[in-house]
Amino acid sequence: MGKIIYGSEVSSELREELRLEAEHLKQEGKRIPKLAVILAGDNPASLSYVKGKAKACEAAGILEETFHLDGSVSQKELEDLIHQCNENAEIDGILLQLPLPAGLDENHAIEQISPHKDVDGLHPLNFGKVHLGIPAFVPCTPLGIMELLKRMGCDCDGKNAVVVGRSKLVGEPAARLLLNANATVTICHSHTKNLKEICRNADILIAAVGKPRFFNHEYVKEGAYVIDVGINRLADGRLTGDVDFEDVKDLCAAITPVPKGVGPMTITMLLENTMKAYREAVNESGGL
């Protein structure tokens, strides 16, 4: 059987490190890092995500403030709030919970977030820097993927990496990070031909298509490192990934499960980015 890497365990370790750092800052009488979460409307999934992020911040010793706007909020009101958070020196990171209510332009709203506080890594400036290999805030899920590959003991240099899925939140930035790590990268999507053949040649397989148990042993090369980004709910309520875990686990060098795989890493990387934004703000100001 391949090594099973639980993102939940890695997350616990990283969050404890963050908690100790925040506690040290508190003991020294310094300002504590703070995340601002902006939520518009009452989307049940968004409410749940925001609650989870607030809980994670509290556990890591990071301050969090949620700005909950009515679903009828105007674009100007939303962006005025973003600008206020940009100007607030007590706020290190800003997260705009997506999706926004109908009628709001999320791309324009994201552009209003200061790139220095863009802990979700979605501002065009940060997105562009990542693609140029320049240090920047990286979207949280791809950042978590790279941390998991590191914990697997996977040296990406020279390996064939296949990313199945080309979303701007996961697929594209994950492919870029792998390329920056000197992997040879192929991005596959719904129009890709010979998908099985391409995946079978992958030393690293990133599955992010949103199809439950789509990738079975016919898609996986023996000794591959497999990261399952998919989170799919079955008819019986159980969660499963895009990879048929039971069918491929014995083939892999290492694999992430679902649940307790990539999911917990996403919020943890948000916390890491918030602490990074804090450190950069401290350096910029000469100490806080």
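For clarity, every value in this text was computed on a predicted model and none was experimentally measured.

About the cut-offs
- Residues numbered from 1 in each chain as written.
- Predicted model: local features only at pLDDT ≥ 70, side-chain atom pairs only at ≥ 80, totals over all residues.
- Heavy atoms only, no water.
- Helix = DSSP H or I, 4+ residues; strand = E, 2+ residues; numbered from the N terminus.
- Rg over C-alpha atoms; globule rule 2.2 N^0.38 Å.
- Buried < 20%, exposed > 50% of the residue type's maximum accessible area, 1.4 Å probe, protein only.
- Contact = heavy atoms within 4.5 Å.
- Areas by Shrake-Rupley, 256 points an atom, 1.4 Å probe, with all protein chains shown as cover.
- Lys, Arg positive; Asp, Glu negative; His and termini not counted.
- Charge placed at Lys NZ, Arg CZ, Asp CG, Glu CD.
- Phe/Tyr/Trp six-rings, centres within 6.5 Å; stacked < 30°, edge-to-face > 60°.
- Salt bridge = Lys/Arg side-chain N within 4 Å of Asp/Glu carboxyl O.
- Domains from an automatic or database assignment.
- Pairing = 2+ DSSP bridges.
- Axes fitted to C-alpha atoms, helices over the stretch in contact; angles between N-to-C directions.
- Parallel < 35°, antiparallel > 145°, perpendicular 65-115°, else oblique.
- UniProt positions renumbered as here; feature names shortened; annotations may be inferred.
- Core = buried A, V, L, I, M, F, W, Y, C linked by side-chain atoms within 4.5 Å.
- Expected span 1.5 Å × (residues − 1).
- Polar contact = N/O pair within 3.5 Å; in protein donor to acceptor, adjacent residues only side chain to side chain.

## Section: the overall build of the protein chain
Along the backbone of the protein chain there are 10 helices and 11 strands. In summary, the protein chain has a C-alpha radius of gyration of 19 Å against a globular reference of 19 Å for 288 residues, a match within 12%. Along the first, second and third principal axes, the C-alpha atoms of the protein chain reach 50 × 45 × 40 Å. Classification of the 288 residues of the protein chain by burial places 47% in the buried group. Sequence separation of 24 or more characterises 70% of the internal contacts of the protein chain that already satisfy a separation of 6 or more. Taken as a whole, the protein chain presents about 13900 Å² of accessible surface, with 51% of it coming from carbon and sulfur. Taking the average place of the 31 positive charges on the side chains of the protein chain and the average place of its 41 negative ones, the gap between the two points comes to 3 Å.

## Side note on the packing of aromatic side chains
Scanning the entire structure with this criterion turns up 3 aromatic pairs. Ring centres of Phe214 and Phe215 lie 4.9 Å apart, and the angle between their planes is 80 degrees; this geometry places the pair in the edge-to-face category. Residue Phe214 is classed as partly exposed on the basis of its relative accessible area of 27%. Pairing Phe215 with Tyr219 gives two aromatic rings, centres 5.4 Å apart and planes at 80 degrees, and the pair type is edge-to-face.

## Regarding the pattern of salt bridges
In total, this model carries 12 salt bridges according to the counting rule given. The salt bridge partner of Glu13 is Arg151, with a shortest N-O separation of 2.8 Å. Here Glu13, found in helix H1 (residues 7–27), pairs with Arg151, found in helix H6 (residues 140–151); they are 138 residues apart in sequence, far enough to count as distant. The class of Glu13 is partly exposed, set by a relative accessible area of 42%.

## Focus on the domain arrangement of the protein chain
We note that the domain assignment places domain 1 (29–115) and domain 2 (140–263) within the protein chain. Spacing between the C-alpha centres of domain 1 and domain 2 amounts to 30 Å.

## Description of the pairing of strand E3 (residues 63–69)
Here strand E2 (residues 34–40) pairs with E3 via 7 bridges, running parallel. When the sheet's bridge partners are listed, Leu35 is paired in E3 with Glu64.

## Things to note about the packing of H1 against H6
Taken N-terminus to C-terminus, the directions of H1 and H6 make an angle of 100 degrees; their axes are 11 Å apart at the nearest point. When the axes of H1 and H6 are compared, the pair comes out roughly perpendicular. Contacts from Gly7, Val10, Glu13 and Leu14 in H1 reach Glu147, Leu148 and Arg151 in H6.

## A short note on the UniProt feature "domain: Tetrahydrofolate dehydrogenase/cyclohydrolase NAD(P)-binding" (unreviewed entry) in the protein chain
Per the UniProt record, "domain: Tetrahydrofolate dehydrogenase/cyclohydrolase NAD(P)-binding" (unreviewed entry) is annotated on residues 139–280. Secondary structure content for residues 139–280 is 36% helix and 17% strand, and the end C-alpha separation is 18 Å.

## Let's talk about the nonpolar core
Of all hydrophobic cores here, the largest spans 52 residues; its most connected members are Leu149, Leu178, Ile204 and Ile227. The dominant element in this core, judged by the number of residues it contributes, is helix H10 (residues 262–285), at 9 residues. For Ile204, the residues in contact, after removing those within four places along its chain, are Leu149, Cys154, Cys156, Lys159, Asn160, Ala161, Val162, Leu178 and Tyr225.

## What about H6?
With 12 residues, H6 should cover 16 Å at 1.5 Å per step; its first-to-last C-alpha distance of 16 Å lies within 8% of that length. Counting buried residues in H6 gives 9 out of 12 residues, a clear majority hidden from the surface. The set of residues buried in H6 consists of Cys140, Thr141, Pro142, Gly144, Ile145, Met146, Glu147, Leu148 and Leu149. For H6, the elements touching its buried residues are H1, helix H7 (171–180), strand E7 (204–207), strand E8 (225–228) and H10. One or two steps after H6, the chain reaches Gly153, where phi turns positive at roughly 80 degrees.

## Describing the sheet that holds strand E11 (residues 254–255)
The strand order E1-E11-E8-E7-E5-E6 describes an open sheet built from 6 strands, whose pairing is parallel. Since the sheet does not close on itself, it has two edges, and those belong to strand E1 (3–4) and strand E6 (184–188), each with one partner. Pairing of strand E5 (residues 160–164) with E7, which is carried by 4 bridges, proceeds in the parallel orientation. Pairing of Ala161 across the sheet is with Ile204, part of E7.

## Some remarks on the environment of Ser11
Among the secondary structure elements, Ser11 is positioned in helix H1. Not counting residues up to four positions away in its chain, the partners in contact with Ser11 are Pro264, Met265 and Thr268. There is a polar contact of 3.1 Å between the side chain of Ser11 and the backbone oxygen of Pro264.

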